[in-house]
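# Structure at a glance
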2 protein chains.
Amino acid sequence: MDDALAVSAVGGTRIEAVMAAISDRIATRSLMPGARLPSVRSLAKIMQVSVSTVVEAYERLAAEGMIRSRPGSGFYVCGPLPPLSLSEAGARSDRNVDPLWISRQSLEMGDDVLKPGCGWLPASWLPQAALRRAMRTLARGDLETLANYATPLGLPPLRQLLARRLGEHGITVPPDQIMLTESGTQAIDLLCRFLLEPGDTVLVDDPCYFNFHALLRAHRANVVAVPFTPTGPDVELFGQALERHKPRLYITNSAIHNPTGAVLSPVTAHRLLKLADASGLVIIEDDIFSDFENVPAPRLAAYDGLERVIHIGSFSKTLSASVRCGFIAARPDWIDGLVDLKVASSFSCGQLSAELVYLALKDGSYRKHVEALRVRLAKAMSEVTARLEAIGITPWLEPQAGMLLWCRLPEGLDAADVARAGLAEGVILAPGNAFSVADNAGSFMRFNVAQSTDGRIFDVLEASMRRLSTDRPTVGGARGSSRT
Amino acid sequence: MDDALAVSAVGGTRIEAVMAAISDRIATRSLMPGARLPSVRSLAKIMQVSVSTVVEAYERLAAEGMIRSRPGSGFYVCGPLPPLSLSEAGARSDRNVDPLWISRQSLEMGDDVLKPGCGWLPASWLPQAALRRAMRTLARGDLETLANYATPLGLPPLRQLLARRLGEHGITVPPDQIMLTESGTQAIDLLCRFLLEPGDTVLVDDPCYFNFHALLRAHRANVVAVPFTPTGPDVELFGQALERHKPRLYITNSAIHNPTGAVLSPVTAHRLLKLADASGLVIIEDDIFSDFENVPAPRLAAYDGLERVIHIGSFSKTLSASVRCGFIAARPDWIDGLVDLKVASSFSCGQLSAELVYLALKDGSYRKHVEALRVRLAKAMSEVTARLEAIGITPWLEPQAGMLLWCRLPEGLDAADVARAGLAEGVILAPGNAFSVADNAGSFMRFNVAQSTDGRIFDVLEASMRRLSTDRPTVGGARGSSRT
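Before going into details, it helps to say that this report is about the structure given with it. (Residues numbered from 1 in each chain as written. Chains lettered and ligands numbered in written order. Predicted model: local features only at pLDDT ≥ 70, side-chain atom pairs only at ≥ 80, totals over all residues. Heavy atoms only, no water.)

## Some thoughts on empty space enclosed by the protein
All names here are of chain B. In total, this model carries 13 cavities of 30 Å³ or more according to the counting rule given. Its volume calculated, the second largest cavity comes out at about 170 Å³. For the second largest cavity, the lining is made up of 16 residues, of which Gly 184, Thr 185, Tyr 209, Ile 288 and Lys 317 are closest to its centre. Mapped by element, the contributors of at least two residues to the lining of the second largest cavity are α9 (184-195) and α10 (210-218). Within the lining of the second largest cavity, the residues separate by chemical class into eight nonpolar, five polar and three charged. (1 Å grid on protein atoms, 1.4 Å probe; cavity = no way out; pocket = protein on both sides within 12 Å on 5 of 7 lines; lining within 4 Å. Points joined across faces, edges and corners; volume = space filled by probe spheres on them. Helix = DSSP H or I, 4+ residues; strand = E, 2+ residues; numbered from the N terminus. Nonpolar A, V, L, I, M, F, W, Y, C, P; charged D, E, K, R; others polar.)

Here you go:
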């Protein structure tokens with residue numbers, strides 16, 4: 001570093017050279033905001049300039065607001081602040097497995113790109129008729145609904161409808177224990193703020209929905225992953241993680257697990273809850289794929305009676321991702337605190353979105369649409385499975401329902417390499433390690449069968465995999481070379 | 001405490017008495033989650049029971065999941081966790097000046113209640129025609145808009161339109177430095193998460209918009225208030241606060257200040273920014289009342305060029321509070337980090353809301369509506385001022401525009417008392433100390449002139465004030481007796 005400073009003192013005046021050296025170190029964060037600058041004397045010595053040159057440089061930097069003097073104590077770097085950074089780009093070896101980067105790619109790319117890696121249905125698979133009818137009803141409806149804030153808990157008839165729907169899954173909850181949110185993600189976000197202190201440990205599944213990682217990083221939580229099996233988390237390892245890490249919270253999907261498509265078995269659900277009871281663990285159960293189910297799976301909230309399980313959901317996957325609306329069902333004392341937090345952080349939810357969701361859900365066409373959707377998904381699931389198997393990509397399990405298929409690549413291939421190759425051809429893939437905090441899923445990939453109807457996807461996959469296999473000097477072991 | 005435990009050992013079995021004593025202490029938080037319980041021997045001695053009774057009681061509590069044993073180290077209280085509490089009900093002497101309570105009251109109460117204290121326009125004052133037309137257009141429009149996620153920055157044409165509108169206020173910003181959010185409140189919330197560490201100090205105005213307090217408490221920030229003058233914050237005291245508290249952030253309203261209706265003067269704006277520059281302070285300028293302005297006021301973001309000022313806004317006050325949409329204009333490097341944070345915490349904003357706002361804003365009727373609204377507000381402002389003055393309530397200043405009127409009550413009256421009396425009569429008022437972190441505004445009240453057209457408000461006010469004045473044994477001094 002001292003060398004670097006000495007070298008930079010060429011060209012321009014000496015004062016400017018000193019200023020540039022300090023500015024560079026601030027810009028590259030080698031001098032962080034709040035850090036004390038080298039003393040005038042020591043810097044003069046290092047840069048081989050006079051003390052008065054450094055004094056003048058420091059004065060000018062202070063006048064520019066880059067540093068400030070504290071009388072008797074020297075100069076310090078002032079703002080701009082080092083803002084919170086969520087990106088793992090620096091920490092991860094590869095942006096292709098950075099969860100945030102995949103989310104942003106999927107959201108940014110237009111319709112000319114194929115997105116077998118994204119986590120939602122194509123718009124054409126959603127209940128268009130019900131949505132348009134709901135919009136028309138609202139356009140000529142009550143002015144208050146169009147213009148005014150919602151109540152703090154959110155639209156009463158939608159909460160009543162949700163209470164009935166939850167009842168069908170064995171979850172008994174009155175409408176005033178349901179709070180509407182802007183989205184399922186916002187529901188989890190509010191709950192994390194409500195339940196976590198920075199540094200608390202949170203359990204997730206390995207693999208799990210990748211946005212959990214980004215969200216938990218935003219809460220400065222310590223994330224511990226427990227291996228997921230075809231019937232739920234590994235109970236033995238779950239118990240060990242409770243003992244060892246004393247987590248405050250476990251976040252999981254109920255019904256259809258993201259990314260694996262697996263379903264919790266009753267016995268795993270029961271054992272999990274016994275462990276949670278014994279250790280004071282709180283569980284968030286994210287039930288966003290509920291309407292895709294053919295046969296109802298056990299819900300942790302149904303077994304637990306909303307004592308320590310919090311049940312959340314949204315309508316982004318089955319109704320519309322454009323109309324933002326989610327919900328939280330929880331104990332009454334927690335709902336009360338969550339309402340305060342919602343008012344403080346977003347004042348009120350969209351009344352219009354809630355009303356739209358309500359109208360669309362109770363539209364006569366919605367149930368028929370969902371039934372047809374399940375059939376369509378099952379058909380796509382078997383077709384995509386066959387196409388993937390034909391090129392050597394094999395499902396980890398055969399999901400009972402839903403749109404997600406968790407697959408293993410042929411031996412020796414790294415999913416991040418394949419995803420990178422796919423992106424170059426306009427195909428957004430979801431490599432396994434984006435879903436794995438422990439980086440255990442380098443040979444896996446998640447496919448969305450509803451977004452995988454275009455044959456070009458499989459051509460690109462096959463060609464990329466062939467090229468990557470032959471490019472490799474030695475092929476062997478479960479992991480690719482880029483992930484060592 | 002030992003006495004209390006000994007006394008409670010009556011009725012039921014001894015084991016149950018020990019269990020009840022421990023449960024009570026957990027319920028009342030005198031034993032917090034994570035705390036170690038008294039040793040078996042010491043509790044047996046205190047409660048005058050046998051050691052085996054305590055052992056059995058602890059075992060049963062552990063079986064209930066209330067406590068857990070750590071081998072070799074004793075028993076500890078487990079969850080449920082003590083969740084984050086935002087309510088000031090405990091800390092404040094009076095719920096009537098708890099900001100969150102006022103927000104919740106205003107949002108919960110139906111249309112049968114008069115709300116001169118609330119912070120938004122009646123639905124009938126909003127641009128109904130433009131909203132309904134926008135809804136109809138969307139109902140027959142593009143399916144992607146109805147069903148799909150927005151891009152991470154949000155709807156491009158709305159960001160272009162916002163860039164043009166900001167340009168009219170002297171703020172030069174390209175559309176890709178504007179990020180849409182769910183609301184103005186969510187914009188501030190995201191920025192706090194981005195910029196603050198727990199324990200950081202934030203400057204606000206005294207008085208200021210009351211939800212800033214609740215929001216900053218959710219971020220565990222240390223809030224320092226600087227007295228507000230008719231031309232902006234007191235610059236002298238602002239400078240002293242910077243020196244003394246080294247805040248990272250200052251949050252304020254530009255254009256029309258909430259609750260005072262005051263407008264920043266150019267000289268105050270310039271001095272503030274000089275102070276901010278010298279100390280590395282970041283400023284969030286909340287410009288939600290922009291469309292109410294008759295004469296454009298200075299914007300800090302225009303003077304600063306978005307270096308350290310972040311400009312935010314929303315459409316809840318002039319278009320619709322039901323259609324949630326806000327925005328952040330900031331430096332490009334900050335916008336990039338904010339997009340990550342938005343994706344992590346809410347995945348995507350409502351595309352539908354953004355499209356609705358866009359269509360309504362560019363609807364030919366919107367500008368005419370806003371012009372008519374300004375005239376209507378000016379008329380209501382002078383009428384309400386006259387009616388308030390007739391009963392001895394005097395404005396702190398005569399606002400140039402907007403709907404808010406900050407008033408002083410007659411000598412000796414406490415605004416919280418008056419608000420409590422008003423609530424009993426179905427009139428929701430906004431007592432001054434809800435806006436004052438320093439509790440400096442006990443004799444002030446904020447009125448929304450658009451919500452004060454009903455004569456009953458002034459009858460209730462007058463009657464309440466008369467009763468409170470005569471109830472009082474001695475009337476004198478600026479503050480009421482309940483606020484000592």
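## Let's talk about the interface of chain A and chain B
Counting from both sides, the interface comprises 93 residues of chain A and, opposite them, 93 residues of chain B. Together chain A and chain B conceal approximately 8,100 Å² of surface at their shared face, both sides included; 58% is due to carbon and sulfur atoms. Among the ionic pairs, A:Glu243 bridges to B:Arg68, the shortest N-O distance being 3.7 Å. Applying the counting rule to chain A against chain B returns 31 residue pairs in polar contact (both at pLDDT 80 or more). (Contact = heavy atoms within 4.5 Å. Buried area = accessible area lost by both parts, 1.4 Å probe. Salt bridge = Lys/Arg side-chain N within 4 Å of Asp/Glu carboxyl O. Polar contact = N/O pair within 3.5 Å; in protein donor to acceptor, adjacent residues only side chain to side chain.)

## Describing the sheet that holds strand β5 (residues 222-229) of chain A
All names here are of chain A. The eight strands are arranged β3-β10-β9-β8-β7-β4-β5-β6 in an open sheet whose pairing can be described as mixed. This sheet does not close on itself; its edge strands, each paired only once, are β3 (178-181) and β6 (232-233). Pairing of strand β9 (residues 309-314) with strand β10 (residues 326-329), which is carried by four bridges, proceeds in the antiparallel orientation. Note that in β10 the partner of Gly 313 across the bridge is Phe 327. Helix α9 (residues 184-195) contacts β3, β7 (249-253), β8 (282-286), β9 and β10 of the sheet and is inclined by roughly 155° relative to β9. (Pairing = 2+ DSSP bridges. Axes fitted to C-alpha atoms, helices over the stretch in contact; angles between N-to-C directions.)

## Topic: the sheet that holds strand β7 (residues 249-253) of chain B
All names here are of chain B. The mixed open sheet is built from eight strands, whose spatial order is β3-β10-β9-β8-β7-β4-β5-β6. Looking along the sheet, the strands with just one partner apiece sit at the ends: β3 (178-181) and β6 (232-233). As paired elements, strand β8 (residues 282-286) and strand β9 (residues 309-314) share four bridges and run parallel to each other. Across the sheet, residue Ile 283 finds its bridge partner in β9, namely Val 309.

## Here we look at the packing of aromatic side chains
Counted under the stated rule, the structure contains 24 aromatic pairs over all chains. Their ring planes at 45° and their centres at 5.1 Å tell us that A:Phe210 and A:Phe435 sit as a pair that is tilted. Here A:Phe435 lies in the loop between β13 (430-431) and β14 (444-448) and A:Phe210 lies in helix α10 (residues 210-218), a separation of 225 residues in the sequence. Judged on exposure class, the residue A:Phe210 and its partner A:Phe435 are both buried. Summarising the aromatic geometry, the rings of B:Tyr209 and B:Phe212 are spaced 5.3 Å apart at their centres and angled 80° between planes, so their arrangement reads as edge-to-face. Owing to a relative accessible area of 14%, B:Tyr209 belongs among the buried residues under this scheme. Among the residues examined, B:Phe212 registers a relative accessible area of 2% and is labelled buried. Through pairs of rings, three or more aromatic residues link up here, namely A:Tyr209, A:Phe210, A:Phe212, A:Trp406, A:Phe435 and A:Phe444. Note that A:Arg376 overlies the ring of A:Trp125, its terminal NZ or CZ placed 3.9 Å from the centroid. (Phe/Tyr/Trp six-rings, centres within 6.5 Å; stacked < 30°, edge-to-face > 60°. Buried < 20%, exposed > 50% of the residue type's maximum accessible area, 1.4 Å probe, protein only. Lys NZ or Arg CZ within 6 Å of the ring centre and 35° of its normal.)

## Some words on the nonpolar core
Ranked by internal contacts, the top residues of the largest apolar core, which has 102 residues, are A:Leu158 and B:Leu158. For B:Leu158, the contacting residues outside a window of four places in its chain are B:Leu180, B:Cys325, B:Ala354, B:Val357, B:Tyr358 and B:Leu361. Judged by nonpolar contacts, the second largest core, of 93 residues, contains A:Leu153, B:Trp120, B:Tyr209 and B:Leu338. (Core = buried A, V, L, I, M, F, W, Y, C linked by side-chain atoms within 4.5 Å.)

## Side note on the packing of helix α6 (residues 128-139) of chain A against helix α15 (residues 351-362) of chain A
Residues and elements named next belong to chain A. The geometry of α6 relative to α15 is characterised by a closest axis approach of 9 Å and an angle of 125° between their N-to-C directions. Taken as axis vectors, α6 and α15 run oblique relative to one another. The element α6 and its partner α15 pack so that their crossing is right-handed. Seen from α6, the contacting residues are Ala 130, Leu 131, Ala 134, Met 135, Thr 137 and Leu 138; seen from α15, they are Leu 352, Glu 355, Leu 356, Leu 359 and Ala 360. Grouping the constituent residues of the contact of α6 with α15 by class yields nine nonpolar, one polar and one charged. (Parallel < 35°, antiparallel > 145°, perpendicular 65-115°, else oblique. Left-handed = near helix turned anticlockwise from the far one by under 90°.)

## Description of the pattern of salt bridges
Residue and element names in this part refer to chain A. A full pass over the atoms with the stated rule returns 28 salt bridges over all chains. The partner of Arg 248 in a salt bridge is Asp 200, and the shortest N-O contact between them spans 3.1 Å. With Arg 248 in the loop between α11 (235-245) and β7 and Asp 200 in the loop between α9 and β4 (201-206), this residue pair connects regions lying 48 residues apart in the sequence. For the residue pair Arg 248 and Asp 200, the accessibility class agrees, reading buried in each case. The salt bridge involving Glu 462 is made with Arg 466; its shortest N-O contact spans 4.0 Å. On the criterion of helical spacing, the pair formed by Glu 462 and Arg 466 is a turn pair, its members being four residues apart in helix α18 (residues 456-471). Assessed through its relative accessible area of 52%, Arg 466 is described here as exposed. Each member of the salt-bridge network shares a partner with another, and the members are Asp 287, Glu 293 and Arg 299.

## So, helix α17 (residues 415-424) of chain B
All names here are of chain B. The buried fraction of α17 amounts to seven of the 10 residues, a majority that puts the element mostly inside the structure. Looking at the buried side of α17, the elements it contacts are β13 (430-431), β14 (444-448) and α18 (456-471). For α17, the N-terminal cap is Asp 414; the gap from its side-chain oxygen to the backbone nitrogen of Ala 416 is 2.9 Å. The positive-phi residue at the C-terminal boundary of α17 is Gly 426, with phi of around 80°.

## A short note on the relation of the copies chain A and chain B
In the superposition of chain A on chain B (RMSD 0.3 Å, axial shift 0.0 Å), the rotation amounts to 180°. The superposition of one copy onto the other is thereby described by a two-fold rotation axis. In this assembly, 100% of the residues forming the interface of chain A have copies in chain B that are likewise at the interface, indicating an isologous arrangement. (Least-squares fit on C-alpha atoms with pLDDT ≥ 70 in both.)

## A closer look at the pairing of β7(B)
Residue and element names in this part refer to chain B. β7 sits mainly inside the fold: five of its five residues count as buried. With burial as the criterion, each face of β7 is covered, one bearing Leu 249, Ile 251 and Asn 253 and the other bearing Tyr 250 and Thr 252. Two elements, strand β4 (residues 201-206) and β7, share two bridges in a ladder whose sense is parallel. Note that in β7 the partner of Leu 203 across the bridge is Tyr 250. Bridge count for β7 against β8 is five bridges, and the pairing is parallel. The partner of Asn 253 across the bridge, within β8, is Asp 286. With respect to chirality, the unit in which β7 leads through helix α12 (residues 266-279) into the neighbouring parallel β8 is right-handed. (Right-handed = clockwise from strand over helix to strand, strands pointing away.)

Everything listed is a geometric property; what it means functionally is a separate question.
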